[in-house]
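One-letter residues, chain by chain:
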There are 2 protein chains.
Amino acid sequence: MPFYQYFNGDILPIDESIFKTNDLGLLRGYGLFDYFRTYNGVPFRWDDYWRRFENSARLLKLTLPISQQETEKVLADLHAMSGEQEVAFRFVLTGGYAPDSVNVVQPNLLIRTEPLPQDNPAGRLKGIKVLPYEYVRDLPEIKSTNYVHMVLMADEMRRQQAADLLFHKDGEVSELTRSNIFIFRGNKLITSDRNVLNGITRKVILELAQAHFQIEVRPVLYKEVVTADEVFTTSTTKWVMPVVQIGDLPIQNGLAGTSTLFLRELFENLIADWGK
Amino acid sequence: MPFYQYFNGDILPIDESIFKTNDLGLLRGYGLFDYFRTYNGVPFRWDDYWRRFENSARLLKLTLPISQQETEKVLADLHAMSGEQEVAFRFVLTGGYAPDSVNVVQPNLLIRTEPLPQDNPAGRLKGIKVLPYEYVRDLPEIKSTNYVHMVLMADEMRRQQAADLLFHKDGEVSELTRSNIFIFRGNKLITSDRNVLNGITRKVILELAQAHFQIEVRPVLYKEVVTADEVFTTSTTKWVMPVVQIGDLPIQNGLAGTSTLFLRELFENLIADWGK
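Residues numbered from 1 in each chain as written. Chains lettered and ligands numbered in written order. Predicted model: local features only at pLDDT ≥ 70, side-chain atom pairs only at ≥ 80, totals over all residues. Heavy atoms only, no water.

Cut-off, in case you're wondering: UniProt positions are given in the numbering used here, feature names are shortened, and annotations may be inferred rather than shown by experiment.
Labelled according to an unreviewed UniProt entry, chain A appears under the name branched-chain-amino-acid transaminase, originating from Dyadobacter arcticus. Of chain A, the UniProt comment under Sequence similarities (unreviewed entry) reads exactly: "Belongs to the class-IV pyridoxal-phosphate-dependent aminotransferase family."

Take a look at the structure:
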């Protein structure tokens, strides 16, 4: 798997040291990213991911150095060079090199080709435990590189056999560290509309669910989550993953719910046929 | 000025590209830093800076790869190679290279030699304007690399001819983007004790002020700041810098205060003799 990466116009081996040390992403945490993958060799919902990436860049006032069309050409090259049927792409845009370590001069754009994620396939079947964690992401609409709490809590999650954190504050839930949260209450499918990243998988699930459930997109209370009939989380790597325990509290009987499994099947059918 | 940098045991030219792209500082904002300088060729309050760096590392659960004594040797080498009488050093410790982009394996330690800061010498004389900004730094005791709001607001500060942001929330002030805040009310010198970085210059000023003023280290209200007799900020690069305007509101007559100037003189005397 000879993976490569794109950096400001050049294609380089994935292991190459390419960042100078006065990059604002490194020194000041001034960076954003995005992440998506192919199914059947075709990037999934590419237009949606690109639009989100553009939106994050706009909100951090960073100018994208290349167009969507030019980027497509880069992705095709990186994909071909990998020799793999399926790959994931990680875009990273930082504030670039700053002589004064404060002001943006010219952003740095990195596109990494990465092997396909294997994010907890067991969790997708059986459901996962998450730990409640009092926190709201700063500037949540931006897919920024700030994941300090996730990395900081990695050991504690392992210790408690939890797969993720559930962010909540003032009685309201927002999201997991890298994924959105949904609950079922009867036939109602509910997901939060504030302090969340606009997940592309979240968007796809809302589209797929429309014909089958009553949908509410609105603030979600913590107590609604722990007493929900079903809870699940969505992301590019998690797809539709049941959440069956929050801290010490099982959700209902602690098993993946039937409506969740139904949505998971709809999603899996969609990606099975993607690009065909 | 042939400046160099230390990276995980090697000494390299300052401009060299040395970071691989799966560093957790870059991808996840998982990093911390520290920054100090020499006076008369001698690092200022080195023990204090080292202890703070150690404390930040401990709070982010990162193991420092070298001891204080080994680091002193590196600093001496970098200083000698620079050919300069005075230099600044920037330490950066990140979560290191992560195959899974989540878990820390081995931190990366970078020490950059940098030219002496020229942080607004005019402001030190005349005082600066700051913009009130509703925000509290996440994990404030850690000197993390998260300075997103500072970089994001850089243009707006220029537009409003302001030198910095004053962070406040729920009626309480904490700090500026990279410096602590003090106020005088009569003979009382007051500075905040929570949601702040433990500044080394702040510590030095508290030591110097002890013989001359009544000191209160406690939560500081926003309304106390705007109605204070004098306001100033302290940092490694700002020393003692009067704050004479907050948004549209001048502090008293909008001129640097006499007690502030007195403390600035005490500090300047201290650094003039440093190491002698």
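1. Examining the sheet that holds strand S2 (residues 10-13) of chain B
The criterion, for reference: Two strands pair if DSSP finds at least two bridges between them. In this text, helices come from DSSP runs of H or I with a minimum length of four residues, and strands from runs of E with a minimum of two, each type numbered from the N-terminal end.
Within the open sheet, the six strands sit side by side as S2-S1-S6-S5-S3-S4 (chain B). Their pairing is antiparallel. This sheet does not close on itself; its edge strands, each paired only once, are S2 and strand S4 (42-43) of chain B.

2. Let's talk about the interface of chain B and chain A
Definition in use: Any pair of residues with heavy atoms lying within 4.5 Å of one another is described as a contacting pair. By definition, a salt bridge exists where a carboxyl oxygen of Asp or Glu is found within 4 Å of a side-chain nitrogen of Lys or Arg. Think of a polar contact as two N or O atoms within 3.5 Å of one another; within protein, one of them needs to be a possible hydrogen donor and the other a possible acceptor, and neighboring residues in sequence only count if both atoms come from side chains.
Contacts between chain B and chain A engage 45 residues on the former and 45 residues on the latter. The interface formed by chain B and chain A holds zero salt bridges in total. At the surface where chain B touches chain A, the tally comes to 23 residue pairs in polar contact (both at pLDDT 80 or more). Secondary structure elements with two or more residues in the side of chain B that touches chain A: helix H1 (24-28), strand S5 (88-94), strand S6 (108-114), helix H5 (148-152) and helix H6 (154-159) of chain B.

3. Section: the packing of helix H2 (residues 46-59) of chain A against helix H7 (residues 200-209) of chain A
Residues and elements named next belong to chain A. Spelled out, the test is: Axis definition: a line fitted to C-alpha atoms, limited for helices to the stretch in contact. Angles are taken between N-to-C directions and run from 0 to 180 degrees. In these notes the angle categories are as follows: under 35 degrees is roughly parallel, over 145 is roughly antiparallel, 65 to 115 is roughly perpendicular, and the rest is oblique. In a left-handed crossing the near helix is turned counterclockwise from the far helix by less than a right angle, and in a right-handed crossing that turn is clockwise. Residues were grouped as follows: Ala, Val, Leu, Ile, Met, Phe, Trp, Tyr, Cys and Pro as nonpolar; Asp, Glu, Lys and Arg as charged; and all remaining residues, including Gly, as polar.
Between H2 and H7, the least distance of the axes is 10 Å, while the angle of their chain directions is 135 degrees. Relative to H7, the element H2 lies oblique. For the pair H2 and H7, the sense of crossing is right-handed. Contacts between H2 and H7 involve Asp48, Tyr49, Arg51 and Arg52 on the former and, on the latter, Ile200, Thr201 and Lys203. Per-class residue counts for the contact of H2 with H7 are two nonpolar, one polar and four charged.

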